[in-house]
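Remarks on the overall topology
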Amino acid sequence: GYISTNLDKQNFNEYFSAANVDIYTNEKNIKAHYQFIGTVEGQDCQKKSHHAVPDEIIARTQARRSAFEIQANGVVFSNCALLTQEQLAQLNNSNDAQQCHAILICYAKAYAIDTKSVESD
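Each chain has its residues counted from 1, following the order in which its sequence is written. pLDDT decides what is reported in this predicted model: residues at 70 or higher carry local features, side-chain atom pairs at 80 or more are listed and counted, and totals for whole chains, interfaces and linings draw on all residues regardless. Hydrogens and water are ignored here; the side-chain numbers use all heavy atoms of the structure.

Our next topic: the packing of aromatic side chains. Planes of paired rings set the category: under 30 degrees apart is stacked, over 60 is edge-to-face and the rest tilted, where pairs are Phe, Tyr or Trp rings (Trp by its six-membered ring) whose centres lie within 6.5 Å. Tallying each qualifying case throughout the model produces two aromatic pairs. Considering the side-chain rings of tyrosine 34 and tyrosine 111, the 5.2 Å spacing of their centres and the 85 degrees angle between planes classify their relative orientation as edge-to-face. Separated by 77 residues along the polypeptide, tyrosine 34 in strand β2 (residues 34–46) and tyrosine 111 in strand β4 (residues 102–113) bring together distant segments of the chain. Classification of residues uses two cut-offs on accessible area relative to the type maximum, computed with a 1.4 Å probe and protein chains only: under 20% is buried, over 50% is exposed, and between them is partly exposed. With a relative accessible area of 38%, tyrosine 34 lands in the partly exposed category. We classify tyrosine 111 as buried; its relative accessible area is 6%. Chaining the aromatic ring pairs together yields one cluster made of Tyr34, Phe36 and Tyr111. The ring of phenylalanine 77 carries arginine 60 above its face, with NZ or CZ at 4.2 Å from the centroid. The secondary structure listing takes helices from DSSP runs of H or I that are at least 4 residues long and strands from runs of E that are at least 2 residues long, numbered from the N terminus. Only when the NZ atom of a Lys or the CZ atom of an Arg is both within 6 Å of the ring centre and within 35 degrees of the ring normal do we say a charge sits over the ring.

So, about the state of the cysteines. Throughout, a disulfide means two cysteine sulfur atoms within 2.5 Å of one another. Evaluated as defined, the whole model comprises two disulfides. Linked covalently through their sulfurs, cysteine 45 and cysteine 100 form a disulfide whose S-S length is 2.0 Å. What sets the handedness of the cysteine 45 and cysteine 100 disulfide is the S-S torsion sign, and at about -115 degrees it is left-handed. Separated by 55 residues along the polypeptide, cysteine 45 in strand β2 and cysteine 100 in the loop between α4 (94–99) and β4 bring together distant segments of the chain. Here cysteine 45 falls in the partly exposed class, since its relative accessible area comes to 23%. Each disulfide pairs two cysteine sulfurs, and for cysteine 80 the partner residue is cysteine 106, the sulfurs being separated by 2.0 Å. With the S-S bond torsion at 105 degrees, the cross-link from cysteine 80 to cysteine 106 turns out right-handed. Highlighted residues: cysteine 80 in strand β3 (residues 74–84) and cysteine 106 in strand β4, separated in sequence by 26 residues. By relative accessible area, which is 0% here, cysteine 106 ends up buried. Sequence-ordered numbering of the bonded cysteines in the protein gives a disulfide pattern of 1-3, 2-4.

Given below as structure tokens:
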């Protein structure tokens, strides 16, 4: 019979894609030529009130994965926002409000960094 595993190629690629994106505290810490590509976000959804609260690590990893998809290899996180069901409903994001008790969204600026041009200290 056919056995399905979590390690299919798609999951494998997605798992490693976030690892290819470095996190910088701010732009001054990027010691190489870089170019701003765009903003990305990641989120973690708390399905029910008794489930674990949304996890910032999951949201940040998802943002790094999104950065990777637009060919970025570095991100600078601006902030994370926790949205309750009431706030989600006000955003007319009713789909999320129905599915999540709360959502943590993390925003980041994504950069293409020329790692070959890294200046030594």
